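# Tertiary structure, described
What follows is each chain in one-letter form.
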Amino acid sequence: MEKEKDKKLEKRGRKSEYLEYLGGLKKLSPSEYEFMKLIWERPDGISSEEIYSNPNFQQPQGTKSTILFKIHEKGYVDVVQRGLHHFYSPKFTKREYEQAIIKQKLKKSFGHASFSTLVASFCGKEKLTEEEKEKVNQLLKEIEKESL
């Protein structure tokens, strides 16, 4: 059934994009991504009631339910029902999702997803020396420390 939807989208000039760096999951739509940002803020889980009452989401409740269903169907969240409410918890962090998107774009644009090869390309080289790789890794570690 999923393949039928993909064929219909392709006929209309739209194509589903799959993220090979997240095990082949379908990429989130912009609306799904907005919902996931809220879910990522609560890694231990967030109730459907909290999501429905969030003032950032102006869609009707039925649309919100459909978006949440699609996010679950795509494999981005675990869902547990407690009483009348569903609790959504992310299977991947926001960072993992964004890294998968970036790697996919790098591979699509440059034919590879290696960060060191990308840096080498910016430097006008095919490959970095071990010393250059070490400097890049040090820089990345410093950037990561600053972002924590």
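The model shown is predicted, which means the values in this text are computed figures rather than measured ones. (Residues numbered from 1 in each chain as written. Predicted model: local features only at pLDDT ≥ 70, side-chain atom pairs only at ≥ 80, totals over all residues. Heavy atoms only, no water.)

### Thoughts on the side chain of K74
The residue K74 is located in helix α4 (residues 61-74) in this model. Reaching out from K74, the side chain makes a polar contact with the backbone oxygen of K27 at a distance of 3.0 Å. (Helix = DSSP H or I, 4+ residues; strand = E, 2+ residues; numbered from the N terminus. Polar contact = N/O pair within 3.5 Å; in protein donor to acceptor, adjacent residues only side chain to side chain.)

### Digging into α4
Count 3.6 residues to each turn of an α-helix, and residues three or four apart come out pointing the same way. Spanning 14 residues, α4 covers 20 Å between terminal C-alpha atoms, matching the ideal 20 Å at 1.5 Å per step. Those residues of α4 that fall on the buried side of the exposure criterion are K64, I67, L68, I71 and K74. When α4 is viewed along its axis, its buried side chains cluster within an angular range of 130° and face the same direction. Considering only its buried residues, α4 is in contact with β2 (25-26), α2 (30-41), α3 (48-52), β4 (77-82) and β5 (85-90). (Expected span 1.5 Å × (residues − 1). Buried < 20%, exposed > 50% of the residue type's maximum accessible area, 1.4 Å probe, protein only. Arc of directions from axis to C-beta. Contact = heavy atoms within 4.5 Å.)

### Focus: the environment of N54
Tracing the sequence through the fold places N54 in the loop between α3 and α4. When its relative accessible area of 13% is taken as the criterion, N54 is described as buried. Sequence separation between N54 and F35 is 19 residues; the distance between their C-alpha atoms is 10.0 Å.

### Notes on a nonpolar patch on the surface
Together, L139, L140 and I143 make up a nonpolar patch on the protein surface, roughly 250 Å² of accessible area in all. Position of L140 relative to the elements: it lies in helix α7 (residues 130-147). Relative accessible area serves as the criterion here: at 34%, L140 is assigned to the partly exposed category. (Patch = residues over 30% accessible without salt bridge, like charges linked within 9 Å, V, L, I, M, F, W, Y side chains within 5 Å. Areas by Shrake-Rupley, 256 points an atom, 1.4 Å probe, with all protein chains shown as cover. Salt bridge = Lys/Arg side-chain N within 4 Å of Asp/Glu carboxyl O.)

### As for α2
The end-to-end C-alpha distance of α2, which contains 12 residues, comes to 17 Å, matching closely the 16 Å that a straight helix rising 1.5 Å per residue would cover. Among the residues of α2, E32, Y33, F35, M36, L38, I39 and W40 are the ones counted as buried.

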